[in-house]
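Chain residues, written in single-letter form:
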Amino acid sequence: MKAFPWLGAVVLCGLGCSSTPPANWVKGGAALEIPRARWVFGSSVVEILPDGHVLANGEPVMSVDRGGRVFDEDREPIALLEPDGRVVGPDEEALGVVGAEHASKPEEENAWLSVAQSGEVIVYNDEGERMAAGVWIGCNGSARAHQVCTLVTHLMALKMRALAERSEPSVGIGIGIGVGVGR
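Everything quoted here is computed from the prediction, not taken from an experiment.

A few words now on the overall build of the protein chain. When helices and strands are tallied, the protein chain shows two helices and 14 strands. For the protein chain, buried positions account for 50% of its 183 residues. When contacts within the protein chain are restricted to residue pairs at least 6 apart in sequence, those whose partners lie at least 24 apart make up 51%. When the accessible surface of the protein chain is split by element, carbon and sulfur atoms take 51% of a total near 8,700 Å².

Laid out in structure tokens, this is it:
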């Protein structure tokens, strides 16, 4: 069983179903280098293709461009990575901060996930305990390329957390196998 069969619909409707793109959408945000990269986590694979398309287990879920824009398959805005690392969604929704190796949730100062230079993905729970969440291969080029991998990881994990918070406390929804983000 694949761990991401529902991800495309989740990302498309969860982050991209709004009418007003971020204020700097047309101008663009952070200058990025799009790597050819692969996040392997259990039986799940997320790929970033050089043209910016992001696939989860072979299914398109979003695209990233060199201007920091993240959009769905209909080219509707999902998020914009600003040059200062802030991630802004439609209707100016704060989606956190993403650097080359670390990402924080909206209105939090501490990182909730990291993509190490080795490619290892680490998720931190509320007590700061580390949990392994697979590995990115191909993100170890420039800081701008590495930031794309961190951005994709952050957006996917952020959405999974939002889904988990809406579900019953006994139900844990996660990314792949074993990275639960349930309550």
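So that's the structure; there's more coming.
Let's shift gears to the state of the cysteines. Inspection of every chain in the model, using the stated rule, returns one disulfide. Bridging cysteine 139 to cysteine 149, the disulfide has an S-S length of 1.8 Å. One quick way to see it: the torsion about the S-S bond of cysteine 139 and cysteine 149 is about -85°, and its sign makes the bridge left-handed. Of this pair, cysteine 139 sits in the loop between β12 (130–137) and α2 (143–166) while cysteine 149 is found in helix α2, placing the two residues 10 residues apart along the sequence. Neither residue differs from the other here; cysteine 139 and cysteine 149 are each classed as buried.

Across all of its chains, the model carries four salt bridges by this definition. Between arginine 38 and glutamate 47 there is a salt bridge, and its shortest N-O distance comes to 2.8 Å. For arginine 38, a relative accessible area of 39% gives the class partly exposed. With relative accessibility at 18%, the residue glutamate 47 sits in the buried group. Its salt-bridge partner being aspartate 65, residue arginine 69 comes within 2.7 Å of it at the nearest N-O pair. Using a relative accessible area of 18% as the deciding quantity, one classes arginine 69 as buried. Here aspartate 65 falls in the buried class, since its relative accessible area comes to 17%.

Next up on the list: the environment of glutamate 92. Here glutamate 92 is to be found in the loop between β7 (86–88) and β8 (94–98). Along the backbone, glutamate 92 and asparagine 24 are 68 residues apart, and their C-alpha atoms lie at a distance of 9.8 Å. Residue contacts for glutamate 92: discarding those within four places in its chain leaves Pro21, Pro22 and Ala23.

Analysis parameters
Residues numbered from 1 in each chain as written. Predicted model: local features only at pLDDT ≥ 70, side-chain atom pairs only at ≥ 80, totals over all residues. Heavy atoms only, no water. Helix = DSSP H or I, 4+ residues; strand = E, 2+ residues; numbered from the N terminus. Buried < 20%, exposed > 50% of the residue type's maximum accessible area, 1.4 Å probe, protein only. Contact = heavy atoms within 4.5 Å. Areas by Shrake-Rupley, 256 points an atom, 1.4 Å probe, with all protein chains shown as cover. Disulfide = S-S within 2.5 Å. Salt bridge = Lys/Arg side-chain N within 4 Å of Asp/Glu carboxyl O.

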